[in-house]
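Structure assessment
Listed below are the residues making up each chain.
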Amino acid sequence: MRFNLRHIVPVALLSLVGCGVETPVSETVPVAAEELGQTRSMLQLSSDCPGCLAGTEGASFVSGFERERVVDDVYHYRIRLRVGATANDVITVHRVVREWLPWWPARAPESVFMVHGDAWDFQGAFMSSTLSEAVDDKKSIAVYLAKKDVDVWGIDLRWTHVPAGTQDFSFMKSWNLGTHAKDVGTGLTVARAVRALTGSGGDKMNLLGWSRGATVSYAYMNAETQRPQGLRHVSGFIPVDMVLKFGPEAEEQRQWACVRAAVGGMALSAGRYEGNLSGPGAGTAIQLVGQAARFLPNDPAQIPGIELPPMTYQQLGIVVGAATFSLLTNEAYGIQPSVPFYHFSQAAGFGAGGLPTALKNVQPGAFFDFLSTAHPFQSFTEMVESDRIMCGDGSLPYDDNLAQVKVPVLYVGAAGGFGSYGVHSTKLLGSKDVSVHLVQTPGMPRVADYGHADLFLASDADTAVWEPIYKWMKKH
């Protein structure tokens, strides 16, 4: 198999799209109970969380809250929930917030719930700086917002918990966009209840979904319209760099989605429920490339079954970042990426044969660490369903009620990712308050502009992306 920027069979590299020390549970809070009124600490909620799972159809806590310091007075909590009958039906809910005393979150009226996309979980997507020594721990959107007194919540979807070495994926057969949307609802239920019990109030929350997480979030918003207003969780919707449906100006891209949906449908019919269009183990190769680029940067790159041109692992890691589209193309089967020249990170320049030579916005070590934190497995049905919706398949139930979604909306796009292609999806909603924030460089071609992952990894993401999101939330 020959590696070529224009004619390459995907190699299971991409499907798109450490914090401090844990505090022991025995730690006590040195403050009088009457001073706190009815407010509870996160430590108390580890064993007694009244109403936290109300209406979640059988969800249960697997363990209590874990706590770790991120930086300064910002702490990261997480708790695992069982949401189904099998050992693999598990999600994790995260909270990143300032504290005023150990286990006592500071009051934070503003809040957001975040949904990750393919390959990476909440921490990998929204707290990647805490998983890399190559960048400051403060350099993540979750920490940035928490330091501005926003209560940041999020979810690890079910497939992120599937352990390496798993071979039988039949349990994934029923995992689809609807499954994950339902889990987002469970996470929102827990988040609002815990916020109320810890003094921040139980108001509705902003919902932010990045990449496939935005598709899951659209599906959730669609379903939530069928609940009474008093039982809805979302006050504002922030889809980030994703297309649910293509507009009439993107007919070619819609047809590309139809081809991917057809090929994916055949794989599903053949009994494969894990991976992506390039095969099983969607994240394994991502991990391997990241680790090799980080620790064996000058070694000749090798991938079993793939004939690569002469390049080092470091060069391959840069190609994964700045020429992602080349790894999502299989012209023999008519497979194209979702949008032209889709890439994770903006290139600093291009060399012989059009290969990117460096990343402009992200330190190589930080990006390679990001790749290394990918999860090995992912449910396949959600990917096929996403392509079916992009194709225009009206038989799926995830977009029937979008016109009834009337909360304020902010679409955030990267010009080298899905960019302006994602604007049309917001027009399917019933909201009359829709804002668009596109991160782009005037005159720059798509192939060399701001990337899909730059939105959360770039050195200037705090000013180019996170600050506009924060200001929009404060305004709304």
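Look above for the structure.
A brief structural summary. (Residues numbered from 1 in each chain as written. Predicted model: local features only at pLDDT ≥ 70, side-chain atom pairs only at ≥ 80, totals over all residues. Heavy atoms only, no water.)

Section: the pattern of salt bridges
Short version of the rule: In what follows, salt bridge is the name for a side-chain nitrogen of Lys or Arg lying within 4 Å of a carboxyl oxygen of Asp or Glu. Under the scheme used here, helices are H or I runs from DSSP no shorter than 4 residues and strands are E runs no shorter than 2 residues, and both carry numbers assigned from the N terminus. Here the term buried applies to any residue with accessible area under 20% of the maximum for its type, exposed to any over 50%, and partly exposed to those in between, with areas from a 1.4 Å probe on protein chains only.
Under the defined criterion, the tally for this structure stands at 21 salt bridges. For the salt bridge of Asp151 with Arg195, the shortest nitrogen-to-oxygen distance reads 2.9 Å. Note that Asp151 is positioned in strand E7 (residues 150–156) and Arg195 in helix H5 (residues 177–197), a separation of 44 residues in sequence. Looking at Asp151, the relative accessible area reads 0%, which means it is buried. The class of Arg195 is buried, set by a relative accessible area of 0%. Here Asp387 ties to Arg260 by a salt bridge, and the two come within 3.0 Å at their closest N and O atoms. One end of the pair, Asp387, is in helix H11 (residues 381–391); the other, Arg260, is in helix H7 (residues 251–269), with 127 residues separating them in the sequence. Residues Asp387 and Arg260 agree in their burial class; the two are buried. Connected via shared salt-bridge partners are Glu66, Glu68 and Arg78.

Overview of the pairing of strand E3 (residues 74–82)
A regular strand places its side chains so that they alternate between the two faces of the sheet. In plain terms, the rule: Should DSSP find at least two bridges between two strands, the strands are regarded as paired.
Summarising the sheet, strand E1 (residues 60–61) and E3 pair through two bridges and their orientation is antiparallel. Within the sheet, the bridge partner assigned to Ser60 lies in E3 and is Arg82. Bridge count for strand E2 (residues 66–71) against E3 is five bridges, and the pairing is antiparallel. In the sheet register, Arg69 faces E3, and the bridge partner there is Tyr75. Adjacent in sequence and paired antiparallel, E2 and E3 are bridged by two residues, among which Asp72 carries a positive phi angle near 55°. Bridging between E3 and strand E4 (residues 90–101) involves nine bridges; their strand directions are antiparallel. Residue pairing in the sheet places Tyr75 in a bridge with Val97 of E4.

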